[in-house]
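Summary of the model geometry
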Protein chains: 2
Amino acid sequence: MARASYTLEDVAREAGVSPSTVSRVINGSARVRPGKLKAVLEAIDRLGYQPNLMAKGLAQGKSLTIGVMVQEISSPFYGEIIKGIEQGLEGTLYHPVFSTGHWQVEQEMEALRVLSARQIDALIVLDGLAPEEYFLGLARKMPLVLFGRRIEGLERNTLLVDNLQGAYRGTRHLIELGHTRIVHIAGPAHHPDARSRLEGYRKALEDAGIPFDPELVVEGDYMETSGVLAVESLLSRRVQFSAIFAANDQMAMGVMLALYRRGIRVPEDISLVGFDDLPGSSYMTPPLTTVRQPTLELGREAARAALMMLTGQPYEPPVLSTSLIVRESTAMLRVGRMAGWGR
Amino acid sequence: MARASYTLEDVAREAGVSPSTVSRVINGSARVRPGKLKAVLEAIDRLGYQPNLMAKGLAQGKSLTIGVMVQEISSPFYGEIIKGIEQGLEGTLYHPVFSTGHWQVEQEMEALRVLSARQIDALIVLDGLAPEEYFLGLARKMPLVLFGRRIEGLERNTLLVDNLQGAYRGTRHLIELGHTRIVHIAGPAHHPDARSRLEGYRKALEDAGIPFDPELVVEGDYMETSGVLAVESLLSRRVQFSAIFAANDQMAMGVMLALYRRGIRVPEDISLVGFDDLPGSSYMTPPLTTVRQPTLELGREAARAALMMLTGQPYEPPVLSTSLIVRESTAMLRVGRMAGWGR
DNA sequence: TTGTAGGCGTTATCAG
DNA sequence: CTGATAACGCCTACAA
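Nothing here was measured: the structure is a model prediction, and the numbers come from that model.

**Concerning the interface of chain A and chain B**
Tallying the contact residues gives 59 residues for chain A and 59 residues for chain B. Taking both sides of the interface into account, the surface hidden between chain A and chain B amounts to around 4900 Å²; carbon and sulfur atoms contribute 58%. There are two salt bridges connecting chain A and chain B. E328(A) is paired through a salt bridge with R261(B); the nearest N and O atoms lie 2.3 Å apart. Among the secondary structure elements, those contributing two or more residues to the side of chain A that touches chain B are α4 (53-60), α5 (76-89), β2 (95-100), α6 (105-117), α7 (132-141), α10 (224-236) and α11 (249-261) of chain A. A per-element tally of the side of chain A that touches chain B places α11(A) first, with six residues. Of the residues belonging to the side of chain A that touches chain B, the class tally is 28 nonpolar, 18 polar and 13 charged.

Pasting the structure below:
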């Protein structure tokens, strides 16, 4: 474990100037005589000097770090958002630091605590579960960007995706293909996005004059397994349906597997629509028709929001919209092709 | 943006003791009279005091941070490793900080630079592309853990997965099912793991007395697309084969799609084996038979290695082994069922 | 057992 | 334009 790295003072000595001058050169915080500037620059790369961000942070009372609380870092959905955040921070001096909550309030609070001990300058929270007051408190201390959670008083800190509209589109697509017995595999009831999607589904049915049938709605937990469980429950209950609108792609994947197991074909027998458009969804067999969420843009926007707030600029959060990506898991309804029929 | 947080000095004042005493209490670095201890503890939580890690870091010359250079943070494969690293660091004072290289040497060096500016105490590099000397230099400065790259002189810092053996097993599984015309979709030739897998494939053939046919090997880039491209190339070249061993699951997914498009069924017409066992692979249709890499364990081990080195304990890296997970994408060879036959 | 003083690497203030 | 000098919040001798 060799020598520590060089300090600003070393550079100053090497260049024959004072530390303050070196600091000025590095930060461009004031004009410096060309001759000295050159000397400093040369000294810097002769020594391979790298400023110590911790010291800089201490001195400035900033850490140049943006905390990101995410429930699962290894999830295709959050992965894209994270990527977006990274992209949005690229080129700035800020760096993201992640901490995971694993959908556990306790762990989430701990994650938040860890981040705050690291003196993060701003915080991005994806699907926060902690109590409202906690976030209200945080927002008073630092720039806060929320996604997946609505809290009164924090509207300006919240990034919204139009889930209702997205679900409406996904459902209407199926209706336009002639389907009327459309199953909805919903997300967890406590998740606001899941509720909006369910609502969009209902609204699309309503607008088409198709009566809402509670029997067609099954609640899942956004994981693949719950997709297979949902199908199995439907089938064992002999529910009739010709299409499924899953509240996310992961559950849709489970659905595909369950149908495959039963020898039910997609889209010939059952049409399937997902939500999210995960990176892998276009490679499912068949490629999944889904409602795309602009995850990458979302991440970038979150970063942008944090940066704007950090520089005290006024920020007005946009409502990001979804789009229907029609691939191969949906097809026109064919009579006599309905799962659950006659047995 | 309310008040800054409390400092150790505030706590000291509140508790009626000196700052050093507070410090001692927090770090347990020396005995403190019970009375004062209690006073300090109370003051701490009355104020909700949180130590400033940057200041602590500066003072101690440590950052309590472990840098992780990963090529893609949003990839199912690295995602699992990252999760493992997090798990391995849980309960310690260390926290991981990620930076991505995007398979670009330039970006990787930049990522490494960013990490080092943050004074990381140890570094974990997943599939590093930078020049050998660079890593040799890094290893001299701090604990370094490498994965996916072998560098002479850094054997003790390198976590190895037995890729050759894994590929051997995957291939032999196909051979045991009666297949002899087995395609291998290899990873990028410059990637050491990809080379080992190709080697394992060859060795399995050789041991079974099946002649190696270069026509059956196609090089991919580990992404889904290259899986579909490979199949298309094979088919257009009228190559005959009844099974495919893909060097990773993502390419296998591409393969499935390409076969599906051509109406070729898995496993009835073609058997397919992947490598990695990504979280989603058990939900492919059909669920993929694959060679499992212990990604989670790998991450945990990387963390453990870093921690051991950090505390100066001797560390001897293990060779992690793979295991064959048989699911539904492979089946006995049936005559007359070979793609490319007779046209 | 406890407090005081100095230092970690930077930046900011203030003379010059 | 430039150089001292004093913080930033914490830790660690050293002295008491």
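That covers the picture; the talk isn't over yet.
**Details of the pattern of salt bridges**
Residues and elements named next belong to chain A. Evaluated as defined, the whole model comprises 28 salt bridges over all chains. Of the charged contacts, one joins R172 and E176 as a salt bridge, the two residues approaching to 3.5 Å between their closest N and O atoms. Of this pair, R172 and E176 both sit in helix α8 (residues 163-176), four residues apart, which is roughly one turn of that helix. By relative accessible area, which is 38% here, R172 ends up partly exposed. The network of salt bridges with common partners includes D277, R292, E297 and R327.

**Here we look at the protein's contact with DNA strand D**
If you check the shell around DNA strand D, you find 23 residues, and the closest are T21(A), R24(A), R33(A), L8(B) and Y49(B). The side chain of T21(A) places a nitrogen or oxygen atom 2.5 Å from a phosphate oxygen of DNA strand D. Between DNA strand D and the protein, one listed contact pairs a phosphate oxygen with a side-chain N or O atom of K56(B) at 3.5 Å. Broken down by secondary-structure element, the contributors of at least two residues to the surface near DNA strand D are α2 (19-27) and α4 of chain A together with α2 (19-27) and α4 (53-60) of chain B.

**Remarks on the UniProt feature "domain: HTH cro/C1-type" (unreviewed entry) in chain A**
Here the UniProt-annotated "domain: HTH cro/C1-type" (unreviewed entry) positions come out as residues 6-50 of chain A. Regarding residues 6-50 of chain A, the helix share stands at 69% and the strand share at 0%, and the terminal C-alpha atoms are separated by 7 Å.

**A word on the side chain of S281(B)**
Turning to its location among the elements, S281(B) is positioned in the loop between β9 (271-276) and β10 (289-292). If we ignore the near neighbours within four places in the chain, the residues touching S281(B) are D249(B), P287(B), L288(B) and R327(B).

**A closer look at the UniProt feature "domain: HTH lacI-type" (unreviewed entry) in chain A**
If you check UniProt for "domain: HTH lacI-type" (unreviewed entry), the listed places come out as residues 6-60 of chain A in our numbering. Secondary structure content for residues 6-60 of chain A is 71% helix and 0% strand, and the end C-alpha separation is 20 Å.

**Brief notes about the nonpolar core**
Counting 90 residues, the largest nonpolar core has F241(A), I244(A), F245(A), F241(B) and I244(B) as its most contacted members. Counting 66 residues, the second largest nonpolar core, distinct from the first, contains F147(A), A306(A), A305(B) and Y315(B).

**Points about the sheet that holds strand β7 (residues 217-219) of chain A**
Residues and elements named next belong to chain A. A sheet is described by the order of its strands in space; here six strands give the open sequence β7-β6-β8-β9-β10-β12, paired in mixed fashion. The open sheet terminates on both sides in strands that have one partner only, identified here as β7 and β12 (323-325). Across this sheet, the average inter-strand angle for adjacent strands is 20 degrees, counted without regard to direction. Bridging between strand β10 (residues 289-292) and β12 involves three bridges; their strand directions are antiparallel. Bridging across to β12, V291 finds its partner in L324. Sheet strands touched by α10: β6 (182-186), β7 and β8 (243-246). Its angle to β6, the strand with the most contacts, is close to 140 degrees.

**Brief notes about the protein's contact with DNA strand C**
Looking at DNA strand C, there are 24 residues lining it, with L8(A), S23(A), Y49(A), T21(B) and R24(B) nearest. Among atoms of DNA strand C positioned within 4 Å of the protein, sugar and phosphate together represent 70%. Interatomic distance of 2.7 Å between a side-chain N/O atom of S23(A) and a phosphate oxygen of DNA strand C. Separating a phosphate oxygen of DNA strand C from a backbone N or O atom of R33(B) is a distance of 2.7 Å. Mapped onto the surface near DNA strand C, the elements with two or more residues apiece are α2 and α4 of chain A together with α2 and α4 of chain B. The element that contributes the greatest number of residues to the surface near DNA strand C is α4(A), accounting for four residues. A per-class count over the surface near DNA strand C returns nine nonpolar, 10 polar and five charged.

Criteria and thresholds
Residues numbered from 1 in each chain as written. Chains lettered and ligands numbered in written order. Predicted model: local features only at pLDDT ≥ 70, side-chain atom pairs only at ≥ 80, totals over all residues. Heavy atoms only, no water. Contact = heavy atoms within 4.5 Å. Buried area = accessible area lost by both parts, 1.4 Å probe. Salt bridge = Lys/Arg side-chain N within 4 Å of Asp/Glu carboxyl O. Helix = DSSP H or I, 4+ residues; strand = E, 2+ residues; numbered from the N terminus. Nonpolar A, V, L, I, M, F, W, Y, C, P; charged D, E, K, R; others polar. Buried < 20%, exposed > 50% of the residue type's maximum accessible area, 1.4 Å probe, protein only. Near = heavy atom within 4 Å. Polar contact = N/O pair within 3.5 Å; in protein donor to acceptor, adjacent residues only side chain to side chain. UniProt positions renumbered as here; feature names shortened; annotations may be inferred. Core = buried A, V, L, I, M, F, W, Y, C linked by side-chain atoms within 4.5 Å. Pairing = 2+ DSSP bridges. Axes fitted to C-alpha atoms, helices over the stretch in contact; angles between N-to-C directions.

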